[in-house]
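As a plain string of letters, each chain reads:
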Amino acid sequence: MNFINEYKAKLCSPETAVKVVKSGDWVDYGFGSGQPVLLDQALAKRKTELKDIKIRSALSLRPREIINADPEREVFTYSSWHFSGYDRQLHDRNLCNYIPMIFRNKPHFYRNELAVDVAMVAVSPMDKHGYFNFSLSTAAMRAILETAKVVIFETNERLPIALGGREECIHISEVDFIVEGGSAAIPELLPTVPDELDEKVARLIVEEIINGATIQLGIGGMPNAVGNLIADSDVKDLGMHTEMLVDAYLSMYKKGKLTNKYKKLDKGKGVWAFCAGTRELYDWVDCNPALASFPVDYTNNPAVIAQIDNFVSVNNCVEVDLYGQISSESAGIRQISGTGGQLDFVTGSYLSPGGKSFICFRSSFTDKQSGVMSSRVVPVLPAGGIVTDPRAQVNYLVTEWGKVNLAGCSTWERAERIITIAHPHFREELINQAEQMKIWRRSNKR
């Protein structure tokens, strides 16, 4: 069928499209590179006409004009499901609130709990069948648009086409307004260059990976270092099942390590929910039949992950306490990122036959202003610290000083093992704290 007439009927300027937003509305901007540019600018210009506009978003990769236009939050209340560096800066300035979630639940929240008056998101241009592709942001996009009363698309010719999977596209019949956004550059998330400590941690994890294993890598320098070390290792025929598609997978593919040939589930396909990285990575995604984009309630479902043999999950954290509680998203009351899918991958990988979960981190950090070194292993998480992974669910912890398995361990066993991978400068004080907390045996190794 020819959908050109329907397309032309729905085509309009950004200024015309955002006129549907009225005071009191809930507006959704989508996720990552799926967030609008021209529509954001047009909505910001309506500040003096509107009141009480609530905007949900996630992982913003470029500045938002509704923030620049309203630095006092008089009209626009902006919240994020997962913080990028930009979102974190806004939070520190009291210009952004965090929305707590386990990422897998996000589609469920939209379909069962939340109201969306207007959704305005960026997509690839319409194809000959009348479909728009969600490109790098499949995750929960379909659920958002199904919930929205009004759907506005901003097309971008540079967005790659992501093959599914499922829920990676939507038909023009379900769209209300279309704005042609041209070919704005897609924000890139450049990989952090690993240093010696990153590589030490990565080597401890890579030696646990066997041929045919399926890999999940989280965001951050250490997981990326693990992926790059895998690419240069002797391990072969690896699979990919991840929420976030990052450049390390491309490195594995280019070195012939990523084949997906032994996966029992989605065999031959690298499975992912969203993508952020370099332009080269985006080009790899484009119309690639070896990659399959799925909604996050599939990729992150522990019951799905558990069906994949030898599943290896690699994520990082902010700090860990002597009970084995993991905080990967906050420093006290300061929100840094979000829960994301870490807990689900920790759970699912442990349930996988032969599977293992690794939480990696540097044992210490140095404050840039004071020059004071502090331990990332603490007796208890600080007041307001968020538990991302409960102690009862943690498998392996890894620092530059070693790796320990906490599965099934008592409190005194945990304390002993965790202290062995803490920075030596802090170990004696941690032992003293463990004794006061009554989680230290006299016969424990010192």
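Everything in this summary refers to the structure shown in the same document. (Residues numbered from 1 in each chain as written. Predicted model: local features only at pLDDT ≥ 70, side-chain atom pairs only at ≥ 80, totals over all residues. Heavy atoms only, no water.)

## Section: the overall build of the protein
Where we set the bar: In this description a helix means any DSSP run of H or I spanning at least four residues, a strand means any run of E spanning at least two, and both kinds are numbered starting from the N terminus. Radius of gyration: over C-alpha atoms. The globule rule applied is 2.2 Å multiplied by the number of residues raised to the 0.38 power. The cut-offs for exposure are 20% and 50% of the maximum accessible area for each residue type, with area from a 1.4 Å probe on protein chains only; residues under the lower value are buried, those over the upper are exposed, and the others partly exposed. Working rule for contacts: check all heavy atoms of both residues, and any pair within 4.5 Å makes them a contact. All accessibility values rest on the Shrake-Rupley procedure with a 1.4 Å probe; residue burial counts only the protein chains present in the view.
The helix and strand inventory of the protein stands at 16 helices and 26 strands. A compact globule built from 446 residues would reach a C-alpha radius of gyration of about 22 Å, and the protein, at 23 Å, matches this within 12%. With the principal axes as the frame, the protein shows a C-alpha extent of 80 × 50 × 35 Å. Residues counted as buried form 57% of the 446 residues belonging to the protein. Here the analysis covers contacts within the protein between residues at least 6 apart in sequence; of these, 74% occur between residues at least 24 apart. Summed over all atoms, the accessible surface of the protein reaches about 18,200 Å², with 50% contributed by carbon and sulfur.

## Let's talk about the pairing of strand β2 (residues 53–57)
The line we're drawing: Here, any two strands with at least 2 DSSP bridges between them count as paired. Handedness of a crossover is defined as follows: with both strands directed away from the viewer, a clockwise route from the first strand across the helix to the second makes it right-handed.
Counting buried residues in β2 gives five out of five residues, a clear majority hidden from the surface. By the alternation rule, side chains of β2 split into Ile53, Ile55 and Ser57 and Lys54 and Arg56, which are all buried. Relative to β2, strand β1 (residues 26–28) runs parallel, the two sharing three bridges. Of the residues in β2, the one forming a bridge with Trp26 is Lys54. Read from β1 through helix α3 (residues 38–44) to β2, the crossover connection turns out right-handed. Of the pairings in the sheet, the one linking β2 to strand β3 (residues 76–80) comprises five bridges and is parallel in character. Pairing of Ser57 across the sheet is with Ser80, part of β3.

## A short note on the environment of Val378
In this structure, Val378 sits in strand β24 (residues 377–378). Considered as a pair, Val378 and Gly24 are 354 residues apart in the sequence and their alpha carbons are 44 Å apart. With near-sequence residues (within four places) excluded, Val378 lies in contact with Glu319, Val320, Asp321, Leu322 and Leu430.

## Topic: the environment of Ala115
Mapping Ala115 onto the fold places it in the loop between α6 (106–112) and β5 (118–123). As for Ala115 and Asn94, which are separated by 21 residues in sequence, their C-alpha atoms are 24 Å apart. Here Ala115 is in contact with Trp26 and Arg56, once residues within four sequence places are set aside.

## A few points about the packing of aromatic side chains
Put simply, the rule is: Planes of paired rings set the category: under 30 degrees apart is stacked, over 60 is edge-to-face and the rest tilted, where pairs are Phe, Tyr or Trp rings (Trp by its six-membered ring) whose centres lie within 6.5 Å. The rule is short: NZ of Lys or CZ of Arg within 6 Å of the ring centre and within 35 degrees of the ring normal puts a charge over the ring.
Applying the stated criterion to the full structure yields 11 aromatic pairs. Between the NZ or CZ atom of Arg441 and the centre of the ring of Trp412, over which it lies, the distance is 3.7 Å.

## Topic: the pattern of salt bridges
Basically, it comes down to this: For this analysis, a salt bridge means a side-chain nitrogen from Lys or Arg found within 4 Å of a carboxyl oxygen belonging to Asp or Glu.
Taken as a whole and assessed by the stated rule, the structure comprises 24 salt bridges. Between Arg111 and Glu146 there is a salt bridge whose closest N-O contact spans 2.9 Å. In this pair, Arg111 is assigned in helix α6 and Glu146 in helix α7 (residues 141–147), connecting sequence segments 35 residues apart. Residue classification places Glu146 among the partly exposed positions, given a relative accessible area of 42%. Between Arg142 and Glu146 there is a salt bridge; the shortest N-O distance is 3.0 Å. Taken together, the residues Arg142 and Glu146, both in helix α7 and four residues apart, mark about one turn of the helix. For Arg142, a relative accessible area of 15% translates into the label buried. One network of salt bridges, in which partners are shared, links Arg111, Arg142, Glu146, Arg166, Glu167 and Glu174.

## A short note on the sheet that holds strand β26 (residues 402–405)
Strands in a sheet are paired, the pairing made by backbone hydrogen bonds, and the direction either parallel or antiparallel. As a reminder, the rule being used: Orientation is described by lines fitted to C-alpha atoms, with helices fitted over the stretch in contact, and by angles between N-to-C directions that extend from 0 to 180 degrees.
Here we have six strands laid out as an open sheet, ordered β11-β10-β16-β21-β25-β26, and mixed in their pairing. Single-partner strands in this sheet number two, and they are β11 (239–240) and β26. Pairing analysis gives four bridges linking strand β25 (residues 396–399) to β26, with the strands arranged antiparallel. Bridging across to β26, Val398 finds its partner in Lys403. Contacting β16 (311–316), β21 (356–360), β25 and β26, helix α8 (residues 196–206) crosses the sheet at an angle of about 145° to β25. The sheet contacts of helix α14 (residues 342–351) involve β10 (214–217), β16 and β21, and relative to β16 the element is tilted by about 150°.

## What to know about the state of the cysteines
This is how the line gets drawn: Only a pair of cysteine sulfur atoms within 2.5 Å counts as a disulfide in this structure description.
Inspection of every chain in the model, using the stated rule, returns zero disulfides. Lacking any disulfide linkage, Cys360 is separated from the closest cysteine sulfur, that of Cys317, by 7.8 Å.

## With respect to the sheet that holds strand β9 (residues 177–180)
Read across the open sheet, the seven strands follow the order β4-β3-β2-β1-β5-β7-β9; overall the sheet is parallel. Here the strands that pair on one side only, and so sit at the sheet edges, are β4 (97–98) and β9. Across four bridges, the pairing between strand β7 (residues 150–155) and β9 is parallel. Across the sheet, Glu154 pairs through a bridge with Val179, a residue of β9.

## Examining the packing of α8 against helix α9 (residues 221–231)
Filter applied, for reference: Every angle not falling under 35 degrees, over 145, or within 65 to 115 is termed oblique; those three ranges are roughly parallel, roughly antiparallel and roughly perpendicular. By convention the crossing between two helices is left-handed if the near helix lies anticlockwise of the far one by an angle smaller than a right angle, and right-handed if it lies clockwise. Classification convention: Asp, Glu, Lys, Arg as charged; Ala, Val, Leu, Ile, Met, Phe, Trp, Tyr, Cys, Pro as nonpolar; all other residues, Gly among them, as polar.
Running from N to C, α8 and α9 cross one another at 60°; their axes reach a closest spacing of 8 Å. In terms of orientation, α8 and α9 fall into the oblique class. Both α8 and α9 take part in a crossing whose hand is right-handed. Residue-level contacts link Asp198, Glu199, Val201, Ala202, Arg203, Ile205 and Val206 of α8 to Met222, Ala225, Val226, Leu229 and Ile230 of α9. In the contact of α8 with α9, the residues fall into nine nonpolar, no polar and three charged.

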